[in-house]
Number of protein chains: 2
Amino acid sequence: MVRLVVLRYPFLHPSIRYKKLARSLQSKCYLISTGKSNMATLQLASWATNLTYTNLTTGVLTAANKSLYNWAGCAIGGYGSQPAPKIALGTTLTAFSGQPTSSILGANGSISQGFADAQIAAFVNGIASYVDDYDDTHLQTIIHPAGVVASALLAVAEAEGSVTGNDFVTAFVAGVEAECKVGLSVYPEHYDVGWHITSTVGSIGAAVAVGKLLNLNTTVMQQAIGIAATQVVGMQELFGSDTKSFHVGRAAQGGMMAVLLARHGYSSSLQGLEAKYGWLHVVSTRENATAYFDQLGEIWEIEKNTFKPFPCGIVMHPTIDGAIQLSNETHDKDLSTDDIKSVELRVNPEVMVLTGKTDPQTGLEAKFSIFHTAAIGLLYGEATPSQFTNEVVKNQTVVDLRKKVNVTEDDSVPTDAAYVTLEFEDGRKLEKHVEHAKGSIENPLTDAELKKKFMEQVTLAIGDSRAERAYETFTGINNMTDVAKIRGLY
Amino acid sequence: MVRLVVLRYPFLHPSIRYKKLARSLQSKCYLISTGKSNMATLQLASWATNLTYTNLTTGVLTAANKSLYNWAGCAIGGYGSQPAPKIALGTTLTAFSGQPTSSILGANGSISQGFADAQIAAFVNGIASYVDDYDDTHLQTIIHPAGVVASALLAVAEAEGSVTGNDFVTAFVAGVEAECKVGLSVYPEHYDVGWHITSTVGSIGAAVAVGKLLNLNTTVMQQAIGIAATQVVGMQELFGSDTKSFHVGRAAQGGMMAVLLARHGYSSSLQGLEAKYGWLHVVSTRENATAYFDQLGEIWEIEKNTFKPFPCGIVMHPTIDGAIQLSNETHDKDLSTDDIKSVELRVNPEVMVLTGKTDPQTGLEAKFSIFHTAAIGLLYGEATPSQFTNEVVKNQTVVDLRKKVNVTEDDSVPTDAAYVTLEFEDGRKLEKHVEHAKGSIENPLTDAELKKKFMEQVTLAIGDSRAERAYETFTGINNMTDVAKIRGLY
């Protein structure tokens, strides 16, 4: 696999060949511009402020629609399933909420807790949409793009009022493209050092989205990007705790506040990204990595967004996929999981770096345990939020099977693949090779599966009939005449 | 000058000799622990939660008192003198403020804008206290310690009520020690890469202070430190803009929110500082630099706090000091600044890195222009907030003299020293060598000078009689039975 291509921008730019090369290679490598690019912030701001709804292709609109309703489903479901968003709302609502202009998704069963001011709504919805690790993934960067951007955007749209669906979707796409292009510019070095890339780029994406929604001009957008960029939230040490999702909520709030301040004349920098002591250099060792900015509007990152079939760290998905398939086969072959002697996994080394927790104690920790997820895939034949409760994590059968899981790290296994082998007490073996995990680019969720995922999460939170209306509402955002009216629709 | 001493902790620890060595060298070097220290967060949290008022020496209490009232003076003065805090309050107050429990310092001439909820108060006071670059400095790390910590602390103390002066001061000292020890652990690498160290360590200091005030136990304090540490706000690219002081406000708010969330059971990490993907590693290349934590409560960083005589970047202070002295001498010697042919400066190279703006356009930019500050020192014979207005920056006489300033960088000149030479048209020369700038450890502001600084700032903002009462109030915090009553006292 090609990991690195050096393009001597600006010498090759803007030749067609360069762009074709970039496009053809970009899923296999990352680009480095070795020339001077001292206009990254201007380039991004200018692209975003000039973007119009008519620029969005059918593919982009479809991807945006799925990204948005998947986000809403995760937020509504996540609010109820985990303590983090409720604690966050409880901590802030009484003490700190101004006018309750904006929806707290999932909390609006109870009118008293269903709304808050926009900064609390952005914060809590960000947390709720992320807390189950069930959201979406831009696989090239491991950014989960919708959460930060949509949480900020809906909160502001409701507070502002008179926002058409088309404008909302355009702003959402602008934000997602911004965060993914910025992410591509620093991935993987930035991630490898320990940053939680979803939130570190998320505040920039949220600022671009909210800035677009509020019609900032290019200069003020640059100022907003500077204020957003200087708030770098999220370290990987917090994975497995409530604070992982705090990152998303805080980044949503930070990006939104950046725009509101800039709109009121708060000054920052016009080169917040590319300056010597700006974002790209302070949080990454990559040199002048702004070549991706040339692809804005040409390669759409949102079209590469994928949706998680399982509510946990994405590097474990191939293993879960294999474990679920094997679970079904054991039934077919009259074998019981009780008789398993060992579970042998062969996976990419990244799996153990991110999800090597051998003995998780809570549901959130289990979302980062390859041992837990292999066990529950085999035992339950599924991996939904129900398999990541504290109870299931402590269930003795689960614990026993977890201990039988052995992991072999193998560089030759791609991150979306896995080998899962069951060895039974009687000597029999069952093996499954997953080439592309369910939910990957090559093996995406179908529309029906994505709807099923939404309905399961949302039904559990607010019941059948409201779930159906919520599905209609959130898949129909693009056609709304005023997104601020969303609270009355489901 | 010794820049680096490697101590093979834990082998030498806890020998008396090691500590003596550390103490004798610590102003000239920084310490690196090469052993394993996987308890930094616990060590810091445990020290803070166990700290009592009786542990504070007279020297610490004196330093805390000066730090607090200097902070209050800067906040009251800064609110009026610059647009940033007013924009920040205007952006947030109407839309986002809950119960107005806490003072907006400097805005309380107008009752309608004088109070907000604690998170807005922490935010705006943080900005106001910092915006004039007139605050305090821990010279070993260039951290300005009081702003983030005191802004969070006063806001929470007022919201909570029933906080004695002794408890308030103890919490303040805990926060300042925390941020400075964390800062020492990563300075200078962390600063050199472009982080604004005052705010990046500030959120941790604010969390420790607020956590101490709210009597967190050690484990919850660790959780709060984790949530604070993962919010890394502040890049140097924003220097010279409103966003520089935003860093301080946002860090105050972030540290405060970390405590409130942790107190409500929001989980994070017990090793947020020292873990592989925790703060010390993600934002610094220094290896296991936690030796300074062993000095908590033995070497008090607050005793090294200094107070700025001039409202601008501290590396320029020796030059200003020299320029003001020369301004007085030109009068004595019957020379006019009109007749200056050139102004020759010989300074440490750091001066040009941080303050090399040749042609500032705004007052905030001028705070980072060695050319401007040399010119106004010579022309006005003083450097107060009045010399950093947009008007003075554009004054033709100032602009003309600025252009005559030449800077020679010289490694052998310490950062608190400068050589300033005036060459006159008639061939005469006047030279001034400043060994230790006014406001440095060796040449600190006297008590009378510090009071004068407070009174000048505060009088301008809220008038004579209230300024006198404010001085009594903020120098008397330690003796108050309830700090929450502070709003009624001046």
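These numbers were taken from a predicted model, which means no experiment stands behind them.

Remarks on the overall build of chain A
For chain A, the count of helices and strands is 21 helices and 11 strands. Its C-alpha radius of gyration of 22 Å places chain A within 12% of the 23 Å reference for a compact globule of 490 residues. Going through the 490 residues of chain A one by one, you find that 65% of them count as buried. Within chain A, contacts between residues separated by at least 24 positions form 77% of all contacts whose residues are at least 6 apart in sequence. Just so you have it, chain A exposes about 16600 Å², and 50% of that area is on carbon and sulfur atoms. With 39 positive and 50 negative side-chain charges, chain A shows a spacing of 5 Å between the two charge centroids.

Some thoughts on the UniProt feature "domain: MmgE/PrpD C-terminal" (unreviewed entry) in chain A
According to UniProt, the "domain: MmgE/PrpD C-terminal" (unreviewed entry) feature falls on residues 310-470 of chain A. For residues 310-470 of chain A, helix accounts for 45% and strand for 16%, while the C-alpha atoms at its two ends are 21 Å apart.

Concerning the interface of chain B and chain A
Every contact between the two is made by 59 residues of chain B and, on the other side, 59 residues of chain A. With both chains or domains summed, chain B and chain A bury close to 4800 Å², and 63% of this area falls on carbon and sulfur atoms. Three residues, Phe96, Tyr266 and Tyr277 of chain B, lead the burial of chain B against chain A; their summed loss comes to 17% of the area buried on that side. Run the count over chain B and chain A and you get 0 salt bridges.

So, the pattern of salt bridges
If you walk through the whole model with that rule in mind, you get 36 salt bridges over all chains. Among the salt bridges present, the one from Lys452 of chain A reaches Glu456 of chain A, with a minimum N-O distance of 3.1 Å. Residue Lys452 of chain A and its partner Glu456 of chain A are located together in helix 20 (residues 447-462), separated by 4 residues, close to a single helical turn. Here Asp426 of chain B makes a salt bridge to Arg428 of chain B, at a shortest N to O gap of 2.9 Å. Judged by its relative accessible area of 49%, Asp426 of chain B is partly exposed. For Arg428 of chain B, a relative accessible area of 42% puts it in the partly exposed group.

Focus on the sheet that holds strand 8 (residues 340-347) of chain B
Backbone hydrogen bonds are what pair the strands of a sheet, in a parallel or an antiparallel way. Residue and element names in this part refer to chain B. One open sheet holds the 4 strands; their spatial order is 9-8-10-11, and the pairing between them is mixed. On the outer flanks of this sheet lie strand 9 (405-409) and strand 11 (429-434), each paired with one strand and no other. Adjacent strand axes in the sheet meet at a mean angle of 15° when their direction is disregarded. Here strand 10 (residues 418-424) pairs with strand 11 via 6 bridges, running antiparallel. Of the residues in strand 11, the one forming a bridge with Leu422 is Leu430. This element, helix 14 (residues 317-332), spans strand 8, strand 10 and strand 11 of the sheet and lies at about 140° to strand 11.

Brief notes about the sheet that holds strand 8 (residues 340-347) of chain A
Residues and elements named next belong to chain A. Taking strand neighbours across the sheet as the criterion, the 4 strands line up as 9-8-10-11 in an open arrangement whose pairing is mixed. Edge positions in the sheet fall to strand 9 (405-409) and strand 11 (429-434), since each has one partner strand and no second. Ignoring which end each strand starts from, the neighbouring axes of this sheet average 15° apart. Alignment of strand 8 against strand 9, held across 5 bridges, turns out to be parallel. Of the residues in strand 9, the one forming a bridge with Val347 is Glu409.

Focus on the confidence of the model for chain A
Residues and elements named next belong to chain A. Averaged over chain A, the pLDDT score is 91; the fraction of residues at 70 or greater is 91%. Segment residues 1-29: pLDDT under 50, and 53 contacts once partners within four positions in sequence are set aside and those in other chains are kept. Overall fold confidence (pTM) sits at 0.91, and the ipTM for the predicted complex is 0.91.

What to know about the nonpolar core
Judged by nonpolar contacts, the single largest core of 316 residues is most densely connected at Trp279 of chain A together with Trp279 of chain B. Setting aside chain neighbours within four positions, we find Trp279 of chain A in contact with Val182, Val186, His190, Thr200, Val201, Ile204, Ala229, Val232, Gly272, Leu273 and Ser284 of chain A together with Met235 of chain B.

Thoughts on the relation of the copies chain B and chain A
Its rotation angle being 180°, the transformation that places chain B on chain A also includes 0.0 Å of axial translation and leaves an RMSD of 0.0 Å. Interpreted geometrically, this transformation is the action of a two-fold axis. Comparing contact sets, 100% of the residues at the interface of chain B also lie at the interface in chain A, consistent with an isologous, same-surface contact.

Here we look at the side chain of Thr319 of chain A
Structurally, Thr319 of chain A can be placed in helix 14 (residues 317-332). Those residues in contact with Thr319 of chain A that lie beyond four places of it in its chain are Leu345, Val347, Ile370, Ala374, Ala418 and Val420 of chain A.

Quick look at the environment of Leu214 of chain A
All names here are of chain A. You can see Leu214 is positioned in the loop between helix 10 (202-213) and helix 11 (218-229). Separated by 51 residues in sequence, Leu214 and Val163 place their C-alpha atoms 9.3 Å apart. Setting aside residues no more than four positions away along its own chain, Leu214 makes contact with Val156, Glu160, Val259, Leu260 and Arg263.

Quick word on the packing of aromatic side chains
All names here are of chain A. What the rule picks out here adds up to 19 aromatic pairs over all chains. With 6.1 Å between their ring centres and 55° between their planes, Trp47 and Trp300 make a pair best called tilted. Residue Trp47 is located in helix 2 (residues 40-50), and its partner Trp300 is located in the loop between helix 13 (279-282) and strand 7 (305-307); the two are separated by 253 residues in the primary sequence. Seen from their ring centres, Phe123 and Phe246 are 5.7 Å apart, and the 90° between their planes marks the pair as edge-to-face. Taken together, the positions of Phe123 in helix 5 (residues 118-130) and Phe246 in helix 12 (residues 242-263) put the pair 123 residues apart, joining distant regions of the chain. Comparing Phe123 with Phe246 shows no difference in burial state: the two are buried. Among the aromatic residues, those joined into a ring-pair cluster are Tyr69, Phe454 and Tyr471. When the ring centre of Phe115 is taken as reference, the NZ or CZ atom of Arg487 above it lies at 3.9 Å.

Definitions and cut-offs
- Residues numbered from 1 in each chain as written.
- Chains lettered and ligands numbered in written order.
- Predicted model: local features only at pLDDT ≥ 70, side-chain atom pairs only at ≥ 80, totals over all residues.
- Heavy atoms only, no water.
- Helix = DSSP H or I, 4+ residues; strand = E, 2+ residues; numbered from the N terminus.
- Rg over C-alpha atoms; globule rule 2.2 N^0.38 Å.
- Buried < 20%, exposed > 50% of the residue type's maximum accessible area, 1.4 Å probe, protein only.
- Contact = heavy atoms within 4.5 Å.
- Areas by Shrake-Rupley, 256 points an atom, 1.4 Å probe, with all protein chains shown as cover.
- Lys, Arg positive; Asp, Glu negative; His and termini not counted.
- Charge placed at Lys NZ, Arg CZ, Asp CG, Glu CD.
- UniProt positions renumbered as here; feature names shortened; annotations may be inferred.
- Buried area = accessible area lost by both parts, 1.4 Å probe.
- Salt bridge = Lys/Arg side-chain N within 4 Å of Asp/Glu carboxyl O.
- Pairing = 2+ DSSP bridges.
- Axes fitted to C-alpha atoms, helices over the stretch in contact; angles between N-to-C directions.
- pLDDT = per-residue confidence, 0-100.
- Core = buried A, V, L, I, M, F, W, Y, C linked by side-chain atoms within 4.5 Å.
- Least-squares fit on C-alpha atoms with pLDDT ≥ 70 in both.
- Phe/Tyr/Trp six-rings, centres within 6.5 Å; stacked < 30°, edge-to-face > 60°.
- Lys NZ or Arg CZ within 6 Å of the ring centre and 35° of its normal.

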